[in-house]
Amino acid sequence: MIIHEFEAAFELMKKLSDEGFDAVVVGGAVRDTLLGAPVHDVDVATSAKPEQMKQVFKKTVDIGIEHGTILVLDAKEPVEVTTYRTEGTYVDHRRPDQVNFVTDLAEDLKRRDFTINAMALRLNNEVVDLFGGQQDLKAKKIRAVGIASERFQEDALRMLRAVRFSAKLNFTIEEETLRAMTVHASDLQFIAMERIKAEFDQIVRSAHPYVGFKQLKETTLAAYVPGNFEKIEQWKSFSASSTEVGWAMFSYLENDPNLVKAYRGSNKESQFVQHVLRAIELLHEPIENRSLFDIEQAVWQAAVMIYNHVEHGEISIEEIVQRKRALPIASKQQLAVTGKHLLEWTGQKGGPWLKQALDQLVTDILEGRVQNEEQHIKGWVERECRF
Ligand code: ATP
Ligand code: MG
């Protein structure tokens, strides 16, 4: 059963195999296939060293060659191929930059984080499962490979990865693994906020965020990241439609418009969240046309989702969208006049008044006090712009 997503990977594995190298699909793709879940990126691992891969393949891109990863472009889709490796010594509870290439698949699987992520699929469709990953998939358990306590001491980020996978899959964290997380929670302070944010990106938009937030709190991991985590119950049966909506929900529950900044998110992400928080405030009162005009649809969508869920509102997003569509203008570009007209009609020089006047004009058009037509606006200017 070569599933469609594996075609390119299998083609490359065959080439490596013909040259005498061992090659398998590893990690997430194997897990998701066994789960019957959609597979996105298919990663290949091989006993071939990067230089050897470059001899086997025609077109490659070095995307992480120091870690043994190259991107191969010989098949119909690009595939990441990584040399079997073990990791060097861990300093400060972070993954090491240095790796050692090895030729034994078992060594490579041993360094992986969880049993469900440490399986491989061979060309003959044999599943290599050295740590009981299939059994844990059936039991819906996240279990560290090897001694949990050691694995989390090596790389503290793995604790957040455990939470991420449990929130995504609605799996429980196996007892010993969970205990080790509680013991080593404070090591999270050694991890760069960018990497923490990347895991939270996935937790807040997961199918089961409450499962994740509950575990963050119970293990005390929550104490080592921004936020108070006081209203986590609200995540129950909430599922964000995107990462941004997830962050907006998190920020709303924390009542903190700067939460995304604390997690080192981008300005764009932070602004989106701030707009959503503002829109949620506006939902408490009848919405004015000017607000409908100013705030984009995606922001309203997020705001309504969160407001209805947390505040038990019954606001219809369709109604907001329809009202927004029905506005006389959708943007300032649609004004029938420009600043030039106003300068001409008033005989004044430009200045801050001009922007203010145009802004007032927009509001008056939106509220139906003047029509968006040149002659009507001219009359409006004569009435409103006095010097
Ligand atoms: P997703 O479908 O969410 O991408 P994934 O399993 O592919 O899940 P990645 O973060 O892409 O997760 O990592 C790929 C694989 O690399 C994992 O399945 C795991 O085997 C291994 N891995 C990644 N990060 C770590 C880590 N910090 N420690 C140990 N193994 C890791
Ligand atoms: Mg992946």
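Everything that follows concerns the structure shown earlier in this document.
Each chain carries its own residue numbering, running from 1 in the written order of its sequence. Each chain is given a letter, starting from A, and each ligand a number, starting from 1, according to the order in which they appear as written. Given that the model is predicted, a residue must reach a pLDDT of at least 70 before its local features are reported, and side-chain atom pairs must reach 80 or more before they are shown or counted; all residues, however, enter totals for whole chains, interfaces and linings. To get the side-chain values, take all heavy atoms of the structure and skip hydrogens and water.

Undergrad: Teacher, can you tell me more about the sheet that holds strand β2 (residues 43-46) here?
TA: Backbone-to-backbone hydrogen bonds pair the strands of a sheet. The strands run either parallel or antiparallel. For two strands to be treated as a pair, DSSP must find at least two bridges joining them. The helix and strand labels rest on DSSP assignments: H or I over at least four residues marks a helix, E over at least two residues marks a strand, and numbering proceeds from the N terminus. Here 7 strands make up an open sheet; going across it, the order is β3-β4-β5-β2-β1-β8-β9 and the pairing mixed. Taken across any chain shown, the strands that pair with only one partner, and hence form the sheet edges, are β3 (60-64) and β9 (127-128). Here 4 bridges tie strand β4 (residues 69-72) to strand β5 (residues 79-83), and the two strands are oriented antiparallel to one another. Each bridged residue has a counterpart across the sheet, and for I70 the counterpart in β5 is V81. Any two residues having at least one pair of non-hydrogen atoms within 4.5 Å are treated as being in contact. For every element, the axis is a line fit to its C-alpha atoms; helices are fit only across the contacting stretch, and the angle between N-to-C directions ranges from 0 to 180 degrees. The strands touched by helix α1 (residues 7-18) within the sheet are β1 (23-26), β2, β4, β5 and β8 (120-121), with β1 carrying the most contacts at an inclination of about 155°. In this fold helix α2 (residues 28-35) packs onto β1, β8 and β9, with an angle of close to 65° to the strand it touches most, β1.

Undergrad: Before we go on, may I ask you to explain unusual backbone geometry in this structure?
TA: Outside of glycine, negative phi angles account for most residues, and trans bonds account for most peptide bonds. In the Ramachandran plot, F229 falls in the positive-phi region, its phi being about 55° despite a non-glycine side chain. Tracing the sequence through the fold places F229 in the loop between α10 (209-218) and α11 (243-254). The buried category is assigned to F229, whose relative accessible area is 2%. Not every positive phi belongs to a glycine, and N255 is a case in point at roughly 50°. In this structure, N255 sits in the loop between α11 and α12 (259-262). Exposure is judged per residue with a 1.4 Å probe applied to protein chains only, and the accessible area is read against the type maximum: over 50% gives exposed, under 20% gives buried, and values in between give partly exposed.

Undergrad: Looking at this model, I keep getting lost on the packing of aromatic side chains. Mind explaining?
TA: How two aromatic rings sit relative to each other is given by the distance of their centres and the angle of their planes. Pairing of aromatic side chains here covers Phe, Tyr and the six-membered ring of Trp, requires ring centres within 6.5 Å, and sorts the geometry by plane angle: under 30 degrees stacked, over 60 edge-to-face, intermediate tilted. On inspection of all chains with the given rule, the structure shows 15 aromatic pairs. Considering the side-chain rings of F200 and W247, the 6.4 Å spacing of their centres and the 40° angle between planes classify their relative orientation as tilted. One end of the pair, F200, is in helix α9 (residues 193-204); the other, W247, is in helix α11, and 47 residues separate them in sequence. Its relative accessible area of 0% is what places F200 among the buried residues. Given the relative accessible area of 2%, W247 is considered buried. Plain terms: the ring middles of F213 and W235 are 4.6 Å apart, the flat faces sit at 10° to each other, and that makes the pair stacked. Of this pair, F213 sits in helix α10 while W235 sits in the loop between α10 and α11, and the two are 22 residues apart along the sequence. Note that R164 overlies the ring of F165, its terminal NZ or CZ placed 4.4 Å from the centroid. Distance and angle both matter: a charge sits over a ring if NZ of Lys or CZ of Arg is within 6 Å of the ring centre and within 35 degrees of the ring normal.

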